[in-house]
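Overview (structure and organization)
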Amino acid sequence: MNKLIVVYGTKPQEMVRPALDRLKVKDSLSPNARIGIKPNLVVEKPSSSGATTTPELVEAIIVYLQEAGCRDITILESSAIGHSTKRAFSVCGYEELASRYGVKLIDLKHDRTQTIKVQGLDLCVAGRALGFDYLINVPVLKAHCQTQLTCALKNLKGCLPDDEKRRFHRLGLHRPIALLNTVVRSSLVVVDALCGDLTFEEGGNPVPMNRIFVAYDPVLADAYAAELLGYEPRSIAYIRLAEELGVGSADLTRAEIIELQAGERTPALPPVSPLALELGRWVEERAACSICYGNLLHALARLKENGSLAALPEKIKIGQGFKGEVGSGVGVGSCTVGLTHNLPGCPPRTREMALFLESLTRIRKGN
Ligand code: SF4
C-alpha cells in the first residue's frame, strides 16, 4: 500500500529519522548510489520567509544518508528566472552546509541540456539532473498564484534552464509539469511543511505548519499537500495529469497515512504577515497548537479566495483554552467539541476545515 508519513514537530533532526525509518528508506539505498537532493531555493531568501527549503531539514537528510554509508551526495537547483542560484545557495545556508558535510552543490541554470520528447512535447532538461541513481525531492509546501499549489511535482521545474521555464509558463504549466515528472523521477519526497507560504511561491506570508511529510510517491505527496492547503487534490490539473501519466496515485483514501509526533506540540504564535493578520481577525484563539492554527489559516485563505470569508457567521474558536466549554459558537478541533458547531479532529485537516466553514457560510446565505 502507498504510504505517507507525517511528523509533527519543529526540529528536523528529530523528525527526519522516524519518518525515513517508517518508510524503510535505508533498504532502498545503495551506498554506491549517486544521490541528488533537490530543495526549493526559488529565490535568495531564508526559509523563514516561507519561500525556501529549511537547510536544517536537508542537513538531517544528509546525516541519515551518510550514516547509511552514502558518500556521493549532490544538492542541485536552478532558481527562478531572474534569480541567482549561487546567491540562493549562499543566502539560504547551503554553501555552508555543503562544505560542512562534504557534499557537492550544482547550479543547473547553465548546465548542458538534454532534449527528451514525451507525448509529442520536447522537454529541455538540465543534463546533470538526469544523472542520479536516487533523487530526493525536498520541496516547500506553498500556495501558488497560478497553479494553486507548489510542492513536489512542481519543484522539479528547478531542473530546467531559464528559457525552458519561460516556455513552461507559455504552455500553461500544468501539462509540462506533469510530463517533466515522467522524465525526472523522484525516488523519495520529503516535504518541508515547517513554514510555507499562504499565497505565493516567493514567500511573504509565511505560516508555521510545524510538520514534514515523506512518501515515495510524488503524486501522493502533492495530493496530501493539496488537502493541507484546503484544495481537492484532483482539482489541481497537474496532479490529475501526473496521475493519468502513471507518475503516482492521488488517491488518499487508498494510502496508509501515519502521523507521528516528535517532541512536544508547540503553541501557535500570533500571525505576523499582512494576510495572516487579516485572516487572524476571524479567529478567537486560546492556547491553540501551531499545527491546528496553521491549518485554520490555510482554510480561511481558501474562503477568502472563493469570496465567502465575509459570510462567516462569527469568529472561529480554536485552542485548548476552550476544553470543557459548552455553549453556542463555532469551533474547530476536538478542544471545542462543546460548542454548537464543531469540527472534531486533533488537528482537523485543512480541507475538512474549509468545507466545514463553507457550509456555515451557506447556512448564513440561506443556500
Ligand atoms: S484540537 Fe488538538 S491540535 Fe487543535 S488545539 Fe486542540 S489539542 Fe491542539
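Before reading on, note that the structure itself is shown above.
My aim in this report is to walk through the structure given alongside it, one point at a time. All values reported here derive from a predicted model rather than from experimental measurement. (Residues numbered from 1 in each chain as written. Predicted model: local features only at pLDDT ≥ 70, side-chain atom pairs only at ≥ 80, totals over all residues. Heavy atoms only, no water.)

Residues Leu141, Leu149, Phe213, Ile239, Leu296 and Leu357 are the most contacted members of the largest nonpolar core, which totals 85 residues. With nine residues, the top contributor of residues to this core is helix α11 (residues 290–305). Both domains that meet at this core, namely domain 1 (3–261) and domain 2 (274–365), each give it at least three residues. The contact partners of Leu357, leaving out residues within four places of it in the chain, are Leu296, Ala299, Leu300, Leu303, Leu312 and Ile316. Counting 41 residues, the second-largest nonpolar core is a separate cluster that includes Val7, Ile35, Ile37 and Ile136. (Core = buried A, V, L, I, M, F, W, Y, C linked by side-chain atoms within 4.5 Å. Buried < 20%, exposed > 50% of the residue type's maximum accessible area, 1.4 Å probe, protein only. Helix = DSSP H or I, 4+ residues; strand = E, 2+ residues; numbered from the N terminus. Domains from an automatic or database assignment. Contact = heavy atoms within 4.5 Å.)

As a further point, take the packing of aromatic side chains. Evaluation of the coordinates by the stated rule reveals one aromatic pair. When the ring of Phe213 is compared with that of Tyr224, the centres are 4.9 Å apart and the planes differ by 65 degrees; the resulting orientation is edge-to-face. In this pair, Phe213 is assigned in strand β11 (residues 206–215) and Tyr224 in helix α8 (residues 218–228), connecting sequence segments 11 residues apart. The same class applies to Phe213 and to Tyr224, which are both buried. (Phe/Tyr/Trp six-rings, centres within 6.5 Å; stacked < 30°, edge-to-face > 60°.)

When two helices pack together, their arrangement is given by the angle between the helix axes and by the axis-to-axis distance. Contact geometry of helix α2 (residues 55–67) with helix α4 (residues 94–101) gives a least axis separation of 10 Å together with a crossing angle of 15 degrees. In terms of orientation, α2 lies roughly parallel with respect to α4. In this structure, the crossing between α2 and α4 has a hand that is right-handed. Two secondary-structure elements touch here, α2 through Pro55, Val58, Glu59, Ile62, Val63 and Gln66 and α4 through Tyr94, Leu97, Arg100 and Tyr101. Broken down by class, the residue content of the contact of α2 with α4 amounts to seven nonpolar, one polar and two charged. (Axes fitted to C-alpha atoms, helices over the stretch in contact; angles between N-to-C directions. Parallel < 35°, antiparallel > 145°, perpendicular 65-115°, else oblique. Left-handed = near helix turned anticlockwise from the far one by under 90°. Nonpolar A, V, L, I, M, F, W, Y, C, P; charged D, E, K, R; others polar.)

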